[in-house]
There are 2 protein chains.
Amino acid sequence: MLPKDLSLYLIVDPILCGGHQQCVRLLNNVIPCGVNIVQLRAPKWHKGAIYVLAKELLAITRPNGIPLIINDHVDVSLAAGADGVHLGANDLPPEAARELLGPDAIVGYSVSNYAQLERATRLGNKIDYLGVGPVFSTPTKPDHAPPIGIQKLRAICSRSVHPTVAIGGINAQKADEIMAVGAPDGLAVISAICGTEEPAKAARELREAIEKGREMRKMLQKLK
Amino acid sequence: MLPKDLSLYLIVDPILCGGHQQCVRLLNNVIPCGVNIVQLRAPKWHKGAIYVLAKELLAITRPNGIPLIINDHVDVSLAAGADGVHLGANDLPPEAARELLGPDAIVGYSVSNYAQLERATRLGNKIDYLGVGPVFSTPTKPDHAPPIGIQKLRAICSRSVHPTVAIGGINAQKADEIMAVGAPDGLAVISAICGTEEPAKAARELREAIEKGREMRKMLQKLK
């Protein structure tokens with residue numbers, strides 16, 4: 001089930017973390033720092049290795065009541081007993097994934113433009129939330145679509161019937177503004193946590209910036 | 001269900017075929033030429049595209065009573081309604097795949113050495129057949145294990161409790177010898193059919209060489 005609060009959405013990439021063990025250690029360190037949901041994304045890894053890592057990460061997330069979902073691989077999610085998947089336009093269709101995963105699993109879907117937003121809206125309860133972006137350019141995904149910026153993020157999020165998570169080049173310095181002006185339900189980060197020397201410190205700073213952004217958003221709404 | 005006759009096992013790679021449409025056309029052309037089972041293998045393709053192609057290929061194989069299985073992706077097999085999967089050492093564990101696919105699906109497993117053969121033997125009915133090789137060096141899989149040759153193929157096949165399919169660098173010129181001396185239940189080919197100008201002709205030549213190899217094997221057995 002999708003948590004009500006999606007505000008700090010962590011994507012862990014085991015290569016960016018430095019390997020399997022480092023990824024496990026990182027998650028243990030950052031889980032207490034206000035992470036609401038975790039996605040395991042390892043596009044360069046074989047599924048056997050992702051499966052083993054997913055089971056180990058679930059032993060951390062599950063006792064904390066935090067969902068762990070798998071990027072792309074419905075079979076790994078099913079086999080590891082994870083909480084769902086995140087799908088892009090090139091992956092299995094969300095309808096097929098929902099059919100395999102059942103009604104209680106989390107199915108996320110990536111949206112970069114209005115055409116994809118329309119498709120997402122038609123998908124109704126086949127999907128649970130949208131990943132919207134990339135907001136900014138990001139080194140984590142070299143083949144990403146052109147960055148949409150904060151104004152277009154705001155336009156897409158305001159039209160979405162699903163909860164929204166902004167993604168792409170987000171860090172603690174920009175988090176408050178994106179949260180306040182773009183107005184998504186949450187922020188997804190990879191390198192802003194996995195690529196830092198002190199991931200727990202980075203997660204706490206992001207959490208603070210998110211809360212500040214939420215306050216700013218309330219103030220902006222009163223101004224209207 | 002695994003066919004009793006595995007002798008001509010075709011692996012189609014859509015990139016090697018020249019694309020989606022060319023792959024569909026090739027399969028239509030070669031299916032009447034004595035192909036017993038088909039595997040769709042597209043390691044460079046996104047799953048969305050593999051899923052769409054798998055459904056189209058199933059519309060060709062199913063009316064002919066020929067199974068179509070998917071390399072690696074259990075989720076694509078389930079979503080497309082294919083007949084099973086072929087797994088390597090780096091993919092999801094066969095036990096996990098069997099659990100997801102059920103008892104009637106075909107689960108194949110790659111074996112390159114005696115240690116993997118022992119693991120395969122312990123897997124019992126979690127798997128249905130072994131892919132044994134690479135017999136020879138092959139350009140189709142640049143990161144393959146060292147070629148095992150015909151003698152080691154024979155040793156592995158003779159010890160296997162599962163049906164065996166030889167793979168790796170097999171063409172019509174070598175097919176009779178591999179079938180006779182290596183004594184697998186079948187031969188798997190990719191480039192010997194997909195990489196040729198006349199795939200149907202290549203398939204017929206392979207079929208002939210396989211039958212010749214079977215006769216040679218019977219003669220060899222009588223000599224003992």
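Residues numbered from 1 in each chain as written. Chains lettered and ligands numbered in written order. Predicted model: local features only at pLDDT ≥ 70, side-chain atom pairs only at ≥ 80, totals over all residues. Heavy atoms only, no water.

Draft legend 1. Quick peek at the interface of chain B and chain A. Facing the 18 residues of chain B at the interface are 18 residues of chain A. In total, about 1400 Å² of surface goes out of reach between chain B and chain A, with carbon and sulfur atoms giving 70% of it. The largest contributions to the chain B side of the interface with chain A come from K47(B), D75(B) and L92(B), which together make up 34% of the buried area. Viewed at the interface, chain A and chain B are joined by four salt bridges. A salt bridge links K47(A) to D72(B), with the shortest nitrogen-to-oxygen separation between them at 3.6 Å. Along the contact surface separating chain B from chain A lie seven residue pairs in polar contact (both at pLDDT 80 or more). Those elements that provide at least two residues to the side of chain B that touches chain A are α3 (47–61), α4 (74–80) and α5 (94–101) of chain B. Here the side of chain B that touches chain A is built from residues that sort into ten nonpolar, four polar and four charged. (Contact = heavy atoms within 4.5 Å. Buried area = accessible area lost by both parts, 1.4 Å probe. Salt bridge = Lys/Arg side-chain N within 4 Å of Asp/Glu carboxyl O. Polar contact = N/O pair within 3.5 Å; in protein donor to acceptor, adjacent residues only side chain to side chain. Helix = DSSP H or I, 4+ residues; strand = E, 2+ residues; numbered from the N terminus. Nonpolar A, V, L, I, M, F, W, Y, C, P; charged D, E, K, R; others polar.)

Draft legend 2. Structural context of the UniProt feature "domain: Thiamine phosphate synthase/TenI" (unreviewed entry) in chain A. When the UniProt feature table is mapped onto this chain numbering, "domain: Thiamine phosphate synthase/TenI" (unreviewed entry) sits at residues 8–193 of chain A. Counting secondary structure, residues 8–193 of chain A comes out at 43% helix and 19% strand; the distance between its end C-alpha atoms is 11 Å. (UniProt positions renumbered as here; feature names shortened; annotations may be inferred.)

Draft legend 3. Fine view of the environment of V85(A). Residue and element names in this part refer to chain A. Summarising the element assignment, V85 is placed in strand β4 (residues 84–87). Residue V85 is classed as buried on the basis of its relative accessible area of 0%. In the structure, V85 is positioned 22 residues away from V107 in sequence and 5.2 Å away in space, judged by C-alpha atoms. Once residues within four sequence positions are removed from consideration, V85 is found in contact with I69, I70, H73, V74, S77, L101, I106, V107 and G108. (Buried < 20%, exposed > 50% of the residue type's maximum accessible area, 1.4 Å probe, protein only.)

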